[in-house]
Amino acid sequence: MAAKPKLYYFDGRGRMEPIRWLLAAAGVEFEEEFLETSKDLEKLRNDGSLMFQQVPMVEIDGMKLVQCRAILNYIAAKYNLYGKDIKERALIDMYVEGVADLNEMYLFWSISPPNEQAAKMTQMKDKIANRYLPAFEKVLKSHGQDYLVGNRLSRADIHLVELLYLVEELDPSLLANFPLLKALKARISNLPTVKKFLQPGSPRKPPMDEKCLAKVKEIFQLK
Amino acid sequence: MAAKPKLHYPNGRGRMESVRWVLAAAGVEFDEEFLETKDQLQKLQDGNHLLFQQVPMVEIDGMKLVQTRSILHYIADKHHLFGKDLKERTLIDMYVEGTLDLLELIIMHPFLKPDDQQKEVVNMAQKAIIRYFPVFEKVLRDHGQRFLVGNQLSLADIILLQTILALEEKIPNILSAFPHLQEFTVKISNIPTIKKFLEPGSKKKPPPDDIYVRTVYNLFMP
């Protein structure tokens, strides 16, 4: 029997959260080893476990995978969440990369100096409301299907719904004009594996708080 | 007969250069429509040709692909540059992602404040020499093969070569401690399609200059 995948990261969302979502949606149980201090990161580096000296790292199927996209691509392919052919994969990739751009903005916002955060949040909300949500609403409208690509569940739906939960945390009113996205969010949330992940006690991580931010800055030696 | 792919981007490297490299390496001829004015970009956006209102965009096989990685993956898949199975594909993915992190520093460099630019060259050199090159040097040394993965040309080789050559433009001796990467650079450069791309008159773009930087600011700044 194969060992469970093991995730190496700090106890928070960061760049690992989409991986937690995807594994959970695929019904895959996993373990986590949390970095608490910079010494923990140092140890992983000295062990030779991190190809480019960075986390996230996921031990899975005898490999020590690094780089979020490589990890996500592997999980999606393994669990048939990557479309049925090269063209579906291209569509999925485009949608997923759009979501990733927004996640990246959020990540940098969360570690930026407090006096810069308000302006950055305004920019982000503008992009959410005027660039990204309209694009995805339009995709759903264009085919009228229950999923973004190929009329079946793919990673694109999971990553987008994760984003929609984040948008809701930032400002629920942002979702107001997007009925199809709201319906997608409800539908995906009702899938048994996702429903379980959304319940308390799951590996899903809460938004970053002061304590977590301080820990992250120490682990990665950020100013 | 299928139309040639068509690339939409300013006339310079930026985020489109990797796409040019991979198409050229795969022996695929392509056309380019250079964005020079804000009006042109606006026209593409208003015509709903850009999923997220951004370039790069590549018209290929009836699709309007955006997002650099989607474009690169599609071309790699189509032209057998992505390994023979999922494990090889995943290795290629990891190597490409690491290399793209390094390439990102090069892409952003011309847009830094002049005072920061020299410092950043030092940072790039350090990252390359301490974090990235040792990984690829070891991979090549350990298996003794010409290519990074699976003994055949892949996206990983192409993106790494692109990055090495771009770094050498700024730091000529950057490979001095890496004999296997030096050999790799020569061997991959000599592949006929890549050799052709490296010759004058190809679609390979020159290093970014003031005109390119100005064009980009005019196009993308609000």
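Residues numbered from 1 in each chain as written. Chains lettered and ligands numbered in written order. Predicted model: local features only at pLDDT ≥ 70, side-chain atom pairs only at ≥ 80, totals over all residues. Heavy atoms only, no water.

Enquirer: Just checking my understanding: could you explain the nonpolar core for this structure?
Expert: For soluble globular proteins, nonpolar side chains are generally found buried alongside one another. Within the largest apolar cluster, 149 residues are counted, with the highest numbers of intra-cluster contacts made by B:Phe133, B:Leu148 and B:Leu181. Looking at this core, the element that brings in the most residues is helix 5 (residues 114–143) of chain B, giving 10 residues. (Core = buried A, V, L, I, M, F, W, Y, C linked by side-chain atoms within 4.5 Å. Buried < 20%, exposed > 50% of the residue type's maximum accessible area, 1.4 Å probe, protein only. Helix = DSSP H or I, 4+ residues; strand = E, 2+ residues; numbered from the N terminus.)

Enquirer: Help me out: how do you make sense of the side chain of A:Ser154 in this one?
Expert: Mapped onto the elements of the fold, A:Ser154 is located in the loop between helix 5 (114–143) and helix 6 (155–170). Each residue touching A:Ser154, except ones within four places of it in the same chain, is listed here: A:Leu81 and A:Ile92. (Contact = heavy atoms within 4.5 Å.)

Enquirer: What's the story with the sheet that holds strand 2 (residues 31–35) of chain A in this structure? I'm lost.
Expert: Note on sheets: strands pair through backbone hydrogen bonds, and any given pair is parallel or antiparallel. Residue and element names in this part refer to chain A. The sheet built from 4 strands is open, its strands ordered 2-1-3-4 with mixed pairing. Unpaired on one side and paired on the other, strand 2 and strand 4 (63–66) mark the two borders of the sheet. Looking at each pair of strands side by side, their axes are set apart by 20° on average, direction ignored. As defined by bridge partners, strand 1 (residues 6–10) adjoins strand 2 across 5 bridges and the pair is classed as parallel. In the strand pairing of strand 2, Phe10 is matched with Leu35. (Pairing = 2+ DSSP bridges. Axes fitted to C-alpha atoms, helices over the stretch in contact; angles between N-to-C directions.)

Enquirer: Got a minute to help me understand the UniProt feature "domain: GST N-terminal" (unreviewed entry) in chain A in this structure?
Expert: According to UniProt, the feature "domain: GST N-terminal" (unreviewed entry) maps to residues 3–83 of chain A in the numbering used here. The annotated region residues 3–83 of chain A carries 36% helix and 22% strand content, and the separation between its end C-alpha atoms amounts to 26 Å. (UniProt positions renumbered as here; feature names shortened; annotations may be inferred.)

Enquirer: I would appreciate a short explanation of the interface of chain A and chain B in the present structure.
Expert: Often, the extent of an interface is quoted as the loss of accessible area on bringing the components together. Between chain A and chain B, the residue contacts involve 33 residues of the former and 31 residues of the latter. Summing both sides of the interface, chain A and chain B together bury roughly 2,800 Å²; the carbon and sulfur share of this comes to 64%. The largest contributions to the chain A side of the interface with chain B come from A:Met51, A:Phe52 and A:Met94, which together make up 22% of the buried area. The interface formed by chain A and chain B holds 2 salt bridges in total. For B:Asp77, the salt bridge goes to A:Arg89, with nearest N and O atoms at 2.9 Å. Where chain A touches chain B, the interface holds 12 residue pairs in polar contact (both at pLDDT 80 or more). Elements represented by at least two residues in the side of chain A that touches chain B include exactly strand 4, helix 3 (68–78), helix 4 (86–111) and helix 5 of chain A. Element by element, the count of residues in the side of chain A that touches chain B is highest for helix 4 of chain A, at 10 residues. Here the residues of the side of chain A that touches chain B are counted per class, giving 16 nonpolar, 5 polar and 12 charged. (Buried area = accessible area lost by both parts, 1.4 Å probe. Salt bridge = Lys/Arg side-chain N within 4 Å of Asp/Glu carboxyl O. Polar contact = N/O pair within 3.5 Å; in protein donor to acceptor, adjacent residues only side chain to side chain. Nonpolar A, V, L, I, M, F, W, Y, C, P; charged D, E, K, R; others polar.)

Enquirer: Can you walk me through the packing of helix 5 of chain B against helix 7 (residues 179–189) of chain B in this structure?
Expert: To describe two helices that pack against each other, one gives the angle between their axes and the distance between the axes. Residue and element names in this part refer to chain B. Look at helix 5 against helix 7: their axes get within 8 Å of each other, and the N-to-C directions meet at 80°. The pairing of helix 5 with helix 7 is recorded here as roughly perpendicular in orientation. Contacts between helix 5 and helix 7 involve Phe133, Phe136, Glu137, Leu140 and Arg141 from the former and Pro179, His180, Leu181 and Phe184 from the latter. (Parallel < 35°, antiparallel > 145°, perpendicular 65-115°, else oblique.)

Enquirer: Would you take a moment to explain the environment of B:Phe133 for this structure?
Expert: All names here are of chain B. Position of Phe133 among the secondary structure elements: in helix 5. Phe133 sits in the buried class, given a relative accessible area of 0%. Along the sequence, Phe133 and Ile164 sit 31 residues apart, while their C-alpha atoms lie 9.2 Å from each other. Beyond its immediate stretch of four places on either side in the chain, Phe133 contacts Leu102, Ala128, Ile164, Leu167, Ile174, Leu175, Phe178 and Leu181.

Enquirer: Would you mind showing me how to read the pattern of salt bridges here?
Expert: Per the counting criterion, the structure on display carries 36 salt bridges over all chains. A salt bridge links A:Arg15 to A:Glu104, with the shortest nitrogen-to-oxygen separation between them at 2.8 Å. With A:Arg15 in the loop between strand 1 and helix 1 (17–25) and A:Glu104 in helix 4, this residue pair connects regions lying 89 residues apart in the sequence. The class of A:Arg15 is partly exposed, set by a relative accessible area of 29%. For B:Asp61, the salt bridge is made with B:Lys78, and the minimal N-O distance between the two is 2.8 Å. Of this pair, B:Asp61 sits in the loop between strand 3 (57–60) and strand 4 (63–66) while B:Lys78 sits in helix 3 (residues 68–78), placing them 17 residues apart in sequence. Looking at B:Asp61, the relative accessible area reads 27%, which means it is partly exposed. Via salt bridges that share partners, A:Glu17, A:Arg20, A:Glu32 and A:Lys205 belong to a single interconnected network.

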